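# Observations on the model geometry
Read off the chains here:
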Amino acid sequence: MPDSQPQPPSSSSNPQGSSGQPDPAALLLCGARLTDGRTVDVRLGCGRIEAVGTAGSLAASPARTGGTRVDLSGYLLLPAPAEPHAHGDTALSAEHDGPVSYEPEDVQRRATEAALLQLGHGATAVRAHVRVGDVQGLGALAAVLQARRSLRGLAELTAVAMPRVLTGLAGADGLAILRDAAKMGASVMGGCPDLDPDPTGYAEAVLEVASEHGCPVDLHTDATDPARLARLAAMAGGMRPGVVLGPCAGLARLPAEVAARVADQLAAAGITVVCLPQGGCGAVDRRGTPPVRLLRAAGVRIAAGSGALRDLSNPVGRGDPLEAAYLLASRHGLRPEDAYDAVSTASRAALGLPEVRVEAGFPAELLAVRGDHLAGALSLAYSRVVVHRGRVVARTSAVREYCNSVVAAELGLPRQGRGKLS
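Residues numbered from 1 in each chain as written. Predicted model: local features only at pLDDT ≥ 70, side-chain atom pairs only at ≥ 80, totals over all residues. Heavy atoms only, no water.

## Looking at the side chain of arginine 110
Relative to the helices and strands, arginine 110 resides in helix H1 (residues 104–121). Here aspartate 89 takes part through its backbone oxygen, which lies 2.4 Å from a polar atom of the side chain of arginine 110. Sequence-distant contacts of arginine 110, defined by excluding residues within four places in its chain, comprise Gly88, Asp89, Thr90, Ala91, Leu92, Ser93, Val100 and Ser101. (Helix = DSSP H or I, 4+ residues; strand = E, 2+ residues; numbered from the N terminus. Polar contact = N/O pair within 3.5 Å; in protein donor to acceptor, adjacent residues only side chain to side chain. Contact = heavy atoms within 4.5 Å.)

## Section: the sheet that holds strand S8 (residues 156–162)
Read across the sheet, eight strands follow the order S6-S7-S8-S9-S10-S11-S12-S13 without closing on themselves; strand pairing throughout is parallel. Bordering the open sheet on either side are strand S6 (83–86) and strand S13 (302–304), each of which pairs with just one other strand. Put simply, the sheet's adjacent strands are angled 25° from each other on average, direction ignored. Where S8 lies against strand S9 (residues 188–191), two bridges are found, and the strand directions are parallel. Paired with valine 160 across the bridge in S9 is valine 188. (Pairing = 2+ DSSP bridges. Axes fitted to C-alpha atoms, helices over the stretch in contact; angles between N-to-C directions.)

## With respect to empty space enclosed by the protein
Per the stated rule, a full pass over the model turns up three cavities of 30 Å³ or more. Of the voids in this model, the largest cavity is the one considered here, and its volume is about 100 Å³. Taken together, 15 residues make up the lining of the largest cavity; nearest its centre are Pro193, Thr221, Arg228, Leu229 and Leu232. Looking at the lining of the largest cavity, the elements that each hand over two or more residues are helix H4 (199–213), strand S10 (217–221) and helix H5 (226–236). Per-element tally for the lining of the largest cavity: the top contributor is H5, with five residues. (1 Å grid on protein atoms, 1.4 Å probe; cavity = no way out; pocket = protein on both sides within 12 Å on 5 of 7 lines; lining within 4 Å. Points joined across faces, edges and corners; volume = space filled by probe spheres on them.)

## With respect to the pattern of salt bridges
By the definition in use, this model includes 17 salt bridges. The salt bridge involving arginine 127 is made with aspartate 218; its shortest N-O contact spans 2.8 Å. Here arginine 127 is found in strand S7 (residues 125–131), whereas its partner aspartate 218 is found in strand S10, with 91 residues between them in sequence. Owing to a relative accessible area of 2%, aspartate 218 belongs among the buried residues under this scheme. A salt bridge links arginine 253 to aspartate 222, with the nearest nitrogen and oxygen atoms 2.5 Å apart. One end of the pair, arginine 253, is in the loop between strand S11 (243–247) and helix H6 (256–269); the other, aspartate 222, is in the loop between S10 and H5, and 31 residues separate them in sequence. The structure contains a network of salt bridges with shared partners spanning Arg296, Arg335, Glu337 and Asp338. (Salt bridge = Lys/Arg side-chain N within 4 Å of Asp/Glu carboxyl O. Buried < 20%, exposed > 50% of the residue type's maximum accessible area, 1.4 Å probe, protein only.)

## What to know about the packing of H4 against H5
Where H4 meets H5, the axes come as close as 10 Å, and the angle between the chain directions of the two elements is 15°. With respect to each other, H4 and H5 are oriented roughly parallel. The crossing of H4 and H5 is right-handed. In this structure, H4 contributes Pro199, Thr200, Ala203, Glu204 and Leu207 to the contact, and H5 contributes Arg228, Arg231, Leu232, Met235 and Ala236. (Parallel < 35°, antiparallel > 145°, perpendicular 65-115°, else oblique. Left-handed = near helix turned anticlockwise from the far one by under 90°.)

## So, the pairing of strand S15 (residues 384–388)
Of all five residues in S15, five are buried, a share of seventy percent or more. Across the two faces of S15 the burial is the same, with Arg384, Val386 and His388 and Val385 and Val387 all buried. Two strands pair when backbone bridges link them, and strand S14 (residues 366–370) and S15 are joined in this way by four bridges, in the antiparallel orientation. Each bridged residue has a counterpart across the sheet, and for leucine 366 the counterpart in S15 is valine 387. As paired strands, S15 and strand S16 (residues 391–396) are joined by five bridges and run antiparallel to one another. The partner of arginine 384 across the bridge, within S16, is threonine 396.

Put into structure tokens, the structure is as follows:
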């Protein structure tokens, strides 16, 4: 059975020091298959891909000592996924009776464990949306930021500050909290305009604070009001750093011609849409997935996130980006390549991270999945090896065994396992 917990790398494959920065030792990934069908060796060093060559053609860099070889025969090597829509403060809380605890130690533990679960799935970068203000004040944010520090060198965790109300008399405190959150270390300004009495005013306030601090914006919305979306697109058009909206499930319920017009407006404004094919989250009332093919055809960048990870909004949420890609392909008709792009390249772009390709010079943020082609990997993505900053940071191994069978022997079916089942 799959082991869902990431396993720490062995000491021989740990080329990163306690500072969290890569040291000069090289890592050689041997015999990996690429999506174009080639079988290659890939040499990593100083957090980047140094060289890609045909299998057996590369050796550890002569300028370095202590290099490690990792055999990836039978694995497909891909750019690592990124998670653009997590909720670290409420993750893993569904199994507990009573209201969710916002005690800092509880939030930090949940946020850390959730990020490690997602790292085991392959996500080397996670954007966590964190509620600020109200009862929890800035305590939950401080706890998630502490989790970020403890994860340094394993995964990149960033926090989005989400106040509840930003307009009217009640909004003054929210605005002050949002500015304090930016000073504390929240690197993205966000929230849910749909929950404010003045959704457009809420969005304007978030954009203003983000502009003051040079932060990107990430807003939750069901996207059921075309006029409101048009105003938001006009306000956000060309904003740098960029603007992300999600999960936008309401776009699928609009008339086709209205949805197409909204898609054109979002594309013109450079807004990224993050969909949640695995389920919803507590910040919006309704679940669903926007019309991803329509949005892509209009030129909107589509990223895919996991949403709730075993909290009250989705008590069975897995937080697995490959499951999100699988659902985009199986339910929404995307090609496997486009579906995987939504959880990797597009998600990294939504997070403001540099592009990753399995080519020399690119960041060594990689995922190896047991399989020989992408469609098969999305279907049965059990065994995984995760590389962050040029070192192996998580492994998941799966072994499937069957009892002895005359039929299997006669047909020559593959059998994997170390023992025999009676």
